[in-house]
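Chain residues, written in single-letter form:
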Amino acid sequence: MSIIKLDQNTINHIAAGEVIDRPSSIVKELVENSIDANATNISVEIKDGGISLIRITDNGDGIEEGDIKLAFERHSTSKIKDTVDLASISSLGFRGEALSSIAAVCQVELITKTKDAMTGYRYRIEGDEEKAFEEIGAPDGTTFIVRNIFFNTPARRKFLKTASTESGYISEIIEKIALSHPEISFTFINNGKTRIYTPGNCNLKDTIYSIYGKEITDNLVEVNYKDENIEISGFAGKAIISKGNRSNENYFINGRYIKSEIISKAIEEGYKFILMQHKYPFTVINFNIDNKYIDVNVHPSKMELRFCNAPEIYPVIVETVKDALTEKENIIDAKIDDEKQVEKKIDRKPEPFETKRNKVEVKEEIKPEKVSNKPKVNYENIKPKKDEEVHEQMTYDFLSEEARPKHKIIGQVFETYWIVEYEDEMFIIDQHAAHEKVNFERLMKRFENNDISSQTLTQPIILNLSMKDANIVEQYLDNFNEIGFVIEPFQGTDFAVRAVPSELYTLDSEDVLMDIIDSFTAEIGSMVPNIITEKIMSMSCKAAIKGNTKISFAEADALIDELLSCENPYNCPHGRPTIIKMSKEELEKKFKRIV
Ligand code: ADP
Ligand code: MG
C-alpha cells in the first residue's frame, strides 16, 4: 500500500473526533471561549439535547472582521504565540482547535461584533464549507449557533444518547463552569425552559444557592488556606449533604474545571473522619496554584492537568478540608463569657484569604440578637489551640474506648441533659439530640447495607391529609418506603401507615407522622432523590424523639455508649450539637478560686 498525505478536510475530521464527541463538548468549548473573551453574561440555549441546536450568546470582546475566517482554521488562536506562552497559560483555551473541529462536523453560524466596530458580521460554515459572510447589525459580543451535530458523519451521530441524557451532560458542564466563575452570570435554557440562572455577582455562595438550592447552601462550611505555593478557598458540605457518588465533588484549578484523582483523594481523605464509607462530599473548592507548577497541555478533552508539586500539596488539602470541618463538627465548648466580647467576636468577618494558622472563626451558629439575651453563654467551638495535638486530645480522649470506663455519669437535669464527668472536664449531653443521632446512624447503616426492617403496627394509622399534603406523601412514597415505612393510599386523600422503621418504634402515632409531613417544604422538590431519602430519615429520627423523657441511668449509659460509637457523635442530623463541655478550670475561674 502506498503512503499518501491526507487532505485537510480528512485531517480536520480526524482532529474533530478528539475534541468533539457529543453536544456537551461543543458547549464546553464555546462557553470557555466566551469566558476567555471576558464575557460577564453567557447564555446557552439548546434543543433536543443540543443535537439539533446549540446557541451560545456572550457579551464579550467579539472577533474582528479580519480574524473571523482565520478563527475557524486549525491551530489558529489569539491566546498564545509560542512555547514560552504555553508555559504560563492563563486562558482556558490555547490549542486553536475547537472552532475548526466544530465546523468540521456541524452547521455553524457566527454573529460577532467588537466594541470598536461599526457593524457586526455574520459567518456561516457547514462541514468546513464556507456558506456566507456578510455585515449585519449586532450587539457587542458573540453568538454561535450550532446546528445538526454530526450531520455529515451519521455513524458518529448514532453514538449519541437520548436528548434528555445529552442535555443532562450539558447541564452538568454548565453547572461546573458557573461554579468556577461566580463573576459571570450564566443562563441555560433547555427546550424553551430556563434551567439554570446564576447571578454573576462574584458571590460563590449565591452561585451555589442558584444551582443547588437552600438545603445544600445551609449546610456549608468555609474552606480557606493560603501559603506561598497554594491558595485554597470555597465551601465544603457537612456530612448530611453527602452523596453516594462523586458528582458533587466540585473543584477547580485557577478557574479551570478539571478532574484530578489526587485532588479528589485528598478531599475525601480530609472528610474521612465524618463520612461513612461509600459516601462522597459536596464541595466547591478553588485551588490557585502558580502556573509554573502546572501543565495544562495534557489532552484536549480529558479535562486533566498535571501538577508537579502534588506530593507537597496533598497533605495541605487534606488538612485544610479536615480543619474546616472540624471546627463545625466538634464538641462545643460552653464558655461563660463577657457579653461584649461575644458580640465583638461575631462582628468579625473573615478576611478573603487568611492563612490556615491565623484563620478567623466564623460564628455562623450564633446570631447577634440571640447573644444579647441572658444568660450570657457563648457556645464556642473547640478550635485547635496551638497545634492539632491539643485538639485531638480534647475530642478523642473523651471518646476513646479507654476513656469510656472512666466516665462518671452524674445525673440528668431538666429531664433532658446528662452530665458526665471525665478527668478535668464536665460533658453535657443532650439526650434528645443524642437519641436522634444514634437512631439516624443506625437507620443510615441499615439503609446502606440494604438491611432495612419494618415493624408492622397492630393497628394501622390513618392519616387524614389535605390535598397538598397528600400530594407530598404520594410524590415521596418511594423515599418513605425505602427506609422502612409501609404507607398506602387509603381513601380519597387519606393514607394508611401499616409499618414504621424498626429503629423508630416511637413513631406510632398520627401526631409524629404529621410532624414529618409538616416539615416538608417546597425546597425538598429541588433536592436530589437520595438527599430526599436522607432528609426523611433525619426528620423521622427527630419526630421519634418527642417530649421530655425520663430515662434511667442504665439507659443513659447505653445511649452514651452508642453515641460515642457513632461515626460523628458531635452533631445531631440537623446540625445541633449533641455534646458540650465545660472544664474544671472554667468553673474555678467563675467561682474565683483561680484567676
Ligand atoms: P482557542 O480557544 O484554543 O484559542 P478556538 O478554536 O476555540 O481556539 O477559538 C479560536 C479563536 O477564536 C480564539 O483564540 C479567539 O480569538 C476566537 N474566539 C472564539 N470564540 C470567541 C468568542 N466567543 N469571543 C471572542 N473571540 C472568540
Ligand atoms: Mg477555545
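Residues numbered from 1 in each chain as written. Chains lettered and ligands numbered in written order. Predicted model: local features only at pLDDT ≥ 70, side-chain atom pairs only at ≥ 80, totals over all residues. Heavy atoms only, no water.

Enquirer: Would you mind going over the pattern of salt bridges with me for this structure?
Expert: Pairing is possible between side chains that carry opposite charge, provided their charged atoms lie close to one another. Evaluation of the coordinates by the stated rule reveals 25 salt bridges. A salt bridge links Arg22 to Glu166; its shortest N-O distance comes to 2.8 Å. Here Glu166 lies in helix H7 (residues 163-180) and Arg22 lies in the loop between helix H1 (8-19) and helix H2 (23-36), a separation of 144 residues in the sequence. Both residues of the pair, Arg22 and Glu166, count as buried. Close ionic contact of Lys113 with Asp140 constitutes a salt bridge, the shortest N to O distance being 2.6 Å. Taken together, the residues span a long stretch of sequence, with Lys113 in strand E3 (residues 107-113) and Asp140 in the loop between strand E5 (129-136) and strand E6 (141-147) at a distance of 27 residues. The buried category is assigned to Lys113, whose relative accessible area is 10%. One connected set of salt bridges, linked through shared partners, spans Glu109, Arg122, Glu134 and Arg147. (Salt bridge = Lys/Arg side-chain N within 4 Å of Asp/Glu carboxyl O. Helix = DSSP H or I, 4+ residues; strand = E, 2+ residues; numbered from the N terminus. Buried < 20%, exposed > 50% of the residue type's maximum accessible area, 1.4 Å probe, protein only.)

Enquirer: How should I be thinking about the environment of Gly127 in this particular structure?
Expert: Along the chain, Gly127 falls in the loop between strand E4 (120-126) and E5. For the pair Gly127 and Phe150, spaced 23 residues apart in sequence, the C-alpha to C-alpha distance is 8.9 Å. The residues touching Gly127, leaving out its near neighbours within four places in the chain, are Ala103, Ala104, Cys106, Phe151 and Asn152. (Contact = heavy atoms within 4.5 Å.)

Enquirer: Explanation requested: the site of ligand 1 in the structure shown.
Expert: Near ligand 1 you find 20 residues, and of these Asn33, Thr77, Ser78, Lys79 and Gly96 are the closest. Measuring from an oxygen atom of ligand 1, one finds a side-chain N or O atom of Asn33 at 2.8 Å. For ligand 1, an oxygen atom lies 2.6 Å from a polar atom in the side chain of Lys79. When ligand 1 is considered free in solution it has 530 Å² of accessible area, and contact with the protein chains removes 92% of it. Of all the secondary-structure elements, those providing two or more residues to the shell around ligand 1 are H2, helix H5 (98-105) and E6. The residue inventory of the shell around ligand 1, partitioned by class, reads seven nonpolar, nine polar and four charged. (Near = heavy atom within 4 Å. Polar contact = N/O pair within 3.5 Å; in protein donor to acceptor, adjacent residues only side chain to side chain. Areas by Shrake-Rupley, 256 points an atom, 1.4 Å probe, with all protein chains shown as cover. Nonpolar A, V, L, I, M, F, W, Y, C, P; charged D, E, K, R; others polar.)

Enquirer: It is not clear to me how the nonpolar core should be interpreted in this structure. Could you clarify?
Expert: Soluble globular proteins: nonpolar side chains tend toward being buried together. Membership of the largest hydrophobic core comes to 60 residues, with the highest contact counts inside it found for Ile26, Val31, Phe72 and Ile208. Top element by residues in this core is H7. It accounts for six residues. In this structure, Ile232, Ile274, Ile289 and Phe307 belong to the second largest nonpolar core, which totals 36 residues. (Core = buried A, V, L, I, M, F, W, Y, C linked by side-chain atoms within 4.5 Å.)

Enquirer: Looking at this structure, how should I read helix H16 (residues 467-475)?
Expert: Those residues of H16 that fall on the buried side of the exposure criterion are Asp469, Ala470, Ile472 and Val473. The arc enclosing the buried residues of H16, seen along the axis, measures out at 160°, which places them on a common side. What points out from H16, more than 90 degrees from its buried face, is the exposed set Met467, Lys468 and Gln475. (Arc of directions from axis to C-beta.)

Enquirer: What is the right way to look at the pairing of strand E7 (residues 185-190) in this model?
Expert: Along any regular strand the residues' side chains alternate between the sheet's two faces. With six of six residues buried, E7 is to be regarded as a mostly interior element. Burial of the side chains of E7 extends over both faces: Ser185, Thr187 and Ile189 are buried on one face and Phe186, Phe188 and Asn190 on the other. In this sheet, E7 lies alongside strand E1 (residues 41-47) in parallel orientation, the contact comprising six bridges. Its bridge partner lying in E7, Glu45 is registered against Ile189. Counted along the chain from E7 to the antiparallel partner strand E8 (residues 193-197), the turn is two residues long, and its residue Asn191 has a positive phi close to 45°. (Pairing = 2+ DSSP bridges.)

By themselves, these figures tell us nothing about what the structure is for.
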